[in-house]
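A look at the structure
Chain residues, written in single-letter form:
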Amino acid sequence: MKRLVIAIDGPAASGKSTTAKLLAQRLGLLPVDTGAMYRAVTLRVLELGLDPHDEARVTEVARRLNIRQEFRDGTVRTFVDGRDVSEEIRTPEVTRWVSLVSSYRGVREAMVAQQRAMAARGGVVLEGRDIGTVVLPDADLKVFMKASAEERARRRLRELQEKGIPATFEEVLADIQRRDRLDSSRALSPLKKAEDAIEIDTTHLTIHEQVERILEELRRRGLDP
Ligand code: CDP
């Protein structure tokens, strides 16, 4: 029997990553953070001193890059050509450029091919913006998570502070709103709910409650392993 495939989509800081990791632990699945893959391409572009507006060069970088993820001690680590870049891909500089980089057709094609390969044998939970709509339209369960922009900014600010990255609430909120706009309005694979996805508004939910909602849905569908 093919193992479970779960797709989680939603805007920045809506709770996807935490939910994917906890679900993965509960169900013995491998979590894949597709946003981290676009961030890894962006990091390499910046490190190489390339202009993120240069679609041809950026696409070339994305095609050449060997991106791998590992689930260790409850966290997803991202490796680029063997180097652990899990921390560097979260800097404000990478965040600033990632929506532009991820809007390029060739970049998306390269990443989607890798994501489908990772999901081919099942036993995975992929999270991102276009998983239920484009990457894995046949996923066993599709979840669309959302939350108010203010609540998402509060969560992201807390995460940045824990990592010692300085930022203000206003900056974080402005960045989230800018990326929401770019990610939802782009021509290719825009952020949107798949028709057959269940929607969870996490604004007033605890992490435990949002994971429980998904487990309930799996049980209801007889998919609980
Ligand atoms: O963690 P955060 O919510 O800030 O975002 P992320 O999941 O790390 O994704 C970073 C960016 O990558 C998003 O703002 C999108 O522009 C892009 N992305 C995408 O285009 N498609 C995906 N499947 C995942 C992320």
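Conventions and cut-offs
- Residues numbered from 1 in each chain as written.
- Predicted model: local features only at pLDDT ≥ 70, side-chain atom pairs only at ≥ 80, totals over all residues.
- Heavy atoms only, no water.
- Pairing = 2+ DSSP bridges.
- Helix = DSSP H or I, 4+ residues; strand = E, 2+ residues; numbered from the N terminus.
- Near = heavy atom within 4 Å.
- Polar contact = N/O pair within 3.5 Å; in protein donor to acceptor, adjacent residues only side chain to side chain.
- Areas by Shrake-Rupley, 256 points an atom, 1.4 Å probe, with all protein chains shown as cover.
- Nonpolar A, V, L, I, M, F, W, Y, C, P; charged D, E, K, R; others polar.
- Phe/Tyr/Trp six-rings, centres within 6.5 Å; stacked < 30°, edge-to-face > 60°.
- Lys NZ or Arg CZ within 6 Å of the ring centre and 35° of its normal.
- Axes fitted to C-alpha atoms, helices over the stretch in contact; angles between N-to-C directions.
- Parallel < 35°, antiparallel > 145°, perpendicular 65-115°, else oblique.
- Left-handed = near helix turned anticlockwise from the far one by under 90°.
- Contact = heavy atoms within 4.5 Å.

1. Re the sheet that holds strand β3 (residues 67-72)
Spatially, the three strands line up as an open sheet ordered β3-β4-β5, and their pairing is antiparallel. Two strands bound the open sheet, and with one partner strand each, they are β3 and β5 (83-84). Looking at chain direction, strand β4 (residues 75-80) and β5 are connected through two bridges and run antiparallel. Paired with F79 across the bridge in β5 is D84.

2. Side note on the site of the ligand
Near the ligand, the surroundings consist of 19 residues, among which R39, R108, R156, R179 and D183 are the closest. For the ligand, an oxygen atom lies 3.2 Å from a polar atom in the backbone of A13. At a separation of 3.1 Å, an oxygen atom of the ligand approaches a polar side-chain atom of S99. Taking 530 Å² as the accessible area of the ligand by itself, protein coverage stands at 98%. Elements supplying a minimum of two residues to the shell around the ligand: α2 (34-47), α4 (92-101) and α8 (169-185). Among the elements that take part in the shell around the ligand, α2 stands out by supplying four residues, more than any other. When its residues are assigned to classes, the shell around the ligand shows four nonpolar, five polar and 10 charged.

3. Focus on the packing of aromatic side chains
Under the definition given, this model contains zero aromatic pairs. The ring of F79 has R68 lying over it, and the distance from NZ or CZ to the ring centre is 4.7 Å.

4. Let's talk about the packing of helix α7 (residues 149-162) against α8
One way to put it is that α7 packs onto α8 with a least axis distance of 9 Å and a crossing angle of 120°. As judged from the angle between their axes, α7 and α8 are oblique. For the pair α7 and α8, the sense of crossing is right-handed. Taken together, the residues of α8 that come into contact with α7 (itself represented by A149, E150, R152, A153, R154, R156, L157 and L160) are F169, V172, L173, I176, Q177, R179 and D180. Looking at the contact of α7 with α8 residue by residue, the class counts come to eight nonpolar, one polar and six charged.

5. Looking at the sheet that holds strand β8 (residues 198-201)
Pairing in this open sheet of five strands is parallel, and the strands run β2-β6-β1-β7-β8 from one edge to the other. Only two strands of the sheet have a single partner each, and these edge strands are β2 (30-33) and β8. Mean inter-strand twist for the sheet, computed between neighbouring axes without regard to direction, equals 20°. Both β2 and strand β6 (residues 124-128) contribute to a ladder of four bridges, which runs parallel. Within the sheet, the bridge partner assigned to L30 lies in β6 and is V124. In the packing of helix α1 (residues 16-27) onto the sheet, the strands contacted are β1 (5-9), β2, β6 and β7 (141-146), and the crossing angle to β1 comes to about 165°. Against the sheet, helix α5 (residues 105-119) touches β1, β2 and β6, its axis set at about 155° to β6.

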